[in-house]
Amino acid sequence: MSSQNIYILGIESSCDDTAASVICNGKILSNVIASQKIHEEYGGVVPELASRAHQQNIVPVVHQALEKAGVSKSDLNAIAFTRGPGLMGSLLVGTSFAKSLAYGLNIPLIDVNHMQAHILAHFIDEEGFDKPTFPFLAMTISGGHTQIVKVNSYFNMEVIGETIDDAVGEAYDKSGKILGLGYPAGPEIDKRAQQGNPKAFKFTKPRVEGLNFSFSGLKTAILYFIQRETKNNPNFVKENLNDICASIQYTIIGILMDKLKLATKQTNIKQIAIGGGVSANSGIRKALKDGEQKFGWKTYVPKFEFTTDNAAMIAIVGYLKYLENDFADTSVTASARLKI
Ligand code: KG4
Ligand code: ZN
């Protein structure tokens, strides 16, 4: 193997996905994920079950990532792991495993901020995908996060807006629960929304100062609306499901776009990168494309497997930090509320 090749193993275990990935320089060689189905029957992630599943999955997932990459442990230059933010019990599994492996192999350990990783996933070398140039705005939207970040350089980022309550993915999932849909409900609401009338029902947008978001009021408004309508017509949801989904989606995308427009105005930055599970949404993708036409934006949507929780994004941050000799001390601890 050439000495210029830097091999990093990335490990992600912040929520309900156990993931491992091997990167060689900027290119992903493997990206393995074990998603935990167990949470579906509970309609949300159960932290105790998540940490137990991570313990079961972490060894086989890491093993598979190395095997698929065709790389052996002795080839690795460093181990990168998610330090936070996330569920403490889940983070502890990945953190302890990464520490032991780095110690055993006598190679550097690199701690990674999960939120930075969602953003830096845009710097993975991938044919057909452009990389943003600095500065750019990043909007991270998933079941656990809703943030707008001004990205000045790889490791100089400022959170300029974030949710004060629920994340946008939670707004989808909780609305879905009210409508009797399965968990997570985002993909089904999106699918049905495309067949419904977005203006059939009107939900008011929350009033939140500046670039911050709020989604808990919307969830309550939807709950009361459905309760009221089903009192008059018990089949209301069944008969209007596509229109209800389209109206919810229209409201949520409207909230995201209002804040994004404000952010581009305030910062005078027109490059926008998105990440997180909700970036798969057809409505947000269309709205971003429209923004390119209407406002001269340049938008970046990464390959799907790099937008939801994954370890490739941890590995790319590991590589970027490796180049800067930015290593963690072996006394590093997991941090559930780690900030950008
Ligand atoms: O990034 P992710 O896989 O996990 C974390 O939450 O960190 O995101 C999952 C979230 C769920 O809330 C799911 O409902 C939502 O992303 N989601 C969607 C779509 N696909 C996934 N929401 C709206 N439209 C979609 N197409
Ligand atoms: Zn995430």
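Residues numbered from 1 in each chain as written. Chains lettered and ligands numbered in written order. Predicted model: local features only at pLDDT ≥ 70, side-chain atom pairs only at ≥ 80, totals over all residues. Heavy atoms only, no water.

1. Quick notes on the nonpolar core
What tends to happen in soluble globular proteins is that the nonpolar side chains get buried as a cluster.
Part 1: Leu179, Ile252, Leu256 and Ile284 are the most contacted members of the largest nonpolar core, which totals 41 residues.
Part 2: Elements represented by at least two residues in this core include exactly strand S6 (136–141), helix H4 (168–178), helix H6 (216–232), helix H7 (236–267), strand S9 (271–275) and helix H8 (282–295).
Part 3: Sorting elements by how many residues they give to this core places H7 first, with 13 residues.
Part 4: Once residues within four sequence positions are removed from consideration, Ile284 is found in contact with Met139, Ile141, Ile253, Leu256, Met257, Ile274, Val278 and Ser279.
Part 5: Core analysis: the next-biggest nonpolar cluster, separate from the first, contains 31 residues, Ile28, Ala273, Ala315 and Tyr322 among them. (Core = buried A, V, L, I, M, F, W, Y, C linked by side-chain atoms within 4.5 Å. Buried < 20%, exposed > 50% of the residue type's maximum accessible area, 1.4 Å probe, protein only. Helix = DSSP H or I, 4+ residues; strand = E, 2+ residues; numbered from the N terminus. Contact = heavy atoms within 4.5 Å.)

2. Topic: the sheet that holds strand S2 (residues 17–24)
Part 1: An order of S3-S2-S1-S4-S5 is seen for the 5 strands of this open sheet, with the pairing classed as mixed. Two strands lie at the open edges of the sheet, namely strand S3 (27–35) and strand S5 (109–113), each paired on one side alone. Recorded for the sheet is a direction-independent mean angle of 20 degrees between the axes of neighbouring strands.
Part 2: Alignment of strand S1 (residues 7–12) against strand S4 (residues 78–84), held across 4 bridges, turns out to be parallel. Within S4, the residue paired with Ile11 across the bridge is Phe81.
Part 3: In the packing of helix H1 (residues 47–69) onto the sheet, the strands contacted are S1, S2 and S3, and the crossing angle to S2 comes to about 25 degrees.
Part 4: Along the sheet, helix H2 (residues 88–105) makes contact with S1, S4 and S5, crossing S4 at roughly 160 degrees. (Pairing = 2+ DSSP bridges. Axes fitted to C-alpha atoms, helices over the stretch in contact; angles between N-to-C directions.)

3. Quick notes on the sheet that holds strand S7 (residues 146–153)
Part 1: If you trace the 5 strands from one edge of the open sheet to the other, you get S8-S7-S6-S9-S10, paired in mixed fashion. The sheet is open, and its two edges are formed by strand S8 (156–162) and strand S10 (298–300), each paired on a single side. Pairs of neighbouring strands in the sheet enclose a mean axial angle of 25 degrees, with direction left out of account.
Part 2: Note: S6 against S9, 4 bridges, orientation parallel. Across the sheet, the residue bridging to Thr140 is Gly275, located in S9.
Part 3: Sheet strands in contact with H7 are S6, S7, S8 and S9, and its direction is about 160 degrees off that of S6.

4. Examining the side chain of His122
Part 1: Relative to the helices and strands, His122 is located in the loop between helix H3 (114–120) and S6.
Part 2: A polar side-chain atom of His122 sits 2.9 Å from the main-chain carbonyl oxygen of Ile274.
Part 3: Apart from the residues within four sequence positions on either side, His122 is in contact with Asp130, Lys131, Pro132, Ala273, Ile274, Tyr300, Val301 and Pro302. (Polar contact = N/O pair within 3.5 Å; in protein donor to acceptor, adjacent residues only side chain to side chain.)

5. Structural notes on the pattern of salt bridges
Part 1: Per the counting criterion, the structure on display carries 13 salt bridges.
Part 2: Taking the shortest distance from any N to any O, the salt bridge between Lys303 and Glu126 comes out at 2.9 Å. Of this pair, Lys303 sits in the loop between S10 and helix H9 (312–323) while Glu126 sits in the loop between H3 and S6; the two residues are 177 residues apart in sequence, bridging distant segments of the chain.
Part 3: Across the salt bridge formed by Lys219 and Asp166, the nearest N and O atoms sit 3.3 Å from each other. Within this pair, whereas Lys219 is found in helix H6, its partner Asp166 is found in the loop between S8 and H4, the two being separated by 53 residues in sequence.
Part 4: A single network of salt bridges, built from pairs that share partners, joins Asp166, Glu170, Lys174 and Lys219. (Salt bridge = Lys/Arg side-chain N within 4 Å of Asp/Glu carboxyl O.)

6. Observations regarding H2
Part 1: Spanning 18 residues, H2 covers 26 Å between terminal C-alpha atoms, matching the ideal 26 Å at 1.5 Å per step.
Part 2: On the buried face of H2, the contacting elements are S1, H1, S4 and S5.
Part 3: Phi for Asn106, located one or two positions after H2, is positive at around 60 degrees. (Expected span 1.5 Å × (residues − 1).)

7. A short note on the packing of aromatic side chains
Part 1: For the structure on display, the rule yields 13 aromatic pairs.
Part 2: When the centroid spacing of 5.8 Å and the interplanar angle of 25 degrees are considered together, the rings of Phe134 and Phe136 count as stacked.
Part 3: Through pairs of rings, three or more aromatic residues link up here, namely Phe123, Phe134, Phe136, Tyr154 and Phe155.
Part 4: The cationic tip of Lys298 hangs over the ring face of Tyr300; the distance from NZ or CZ to the ring centre is 4.8 Å. (Phe/Tyr/Trp six-rings, centres within 6.5 Å; stacked < 30°, edge-to-face > 60°. Lys NZ or Arg CZ within 6 Å of the ring centre and 35° of its normal.)

8. Brief notes about the coordination of the zinc ion (ligand 2)
Part 1: Only His114 (NE2), His118 (NE2), His145 (NE2) and Asp309 (OD) from the protein reach the zinc ion (ligand 2) as donors, at distances of 2.1 to 2.3 Å.
Part 2: What the 4 donor atoms of the zinc ion (ligand 2) show is an angle range of 93 to 158 degrees at the metal, which sorts the shape as irregular. (Donors = N, O, S within 2.8 Å, 3.2 Å for Na, K, Ca; no water. Tetrahedral: all angles 85-135°; square planar, octahedral: opposite > 155°, others 65-115°.)

9. Let's talk about the pairing of S7
Part 1: By the bridge criterion, 6 bridges tie S6 to S7 in an arrangement that is antiparallel. Note on S7: the bridge partner recorded for Thr140 is Gln147.
Part 2: Between S6 and S7, which follow one another and run antiparallel, lie 4 residues.
Part 3: Sheet analysis places S7 next to S8, joined by 6 bridges and oriented antiparallel. For Val151, the partnering residue across the bridge sits in S8 and is Met157.

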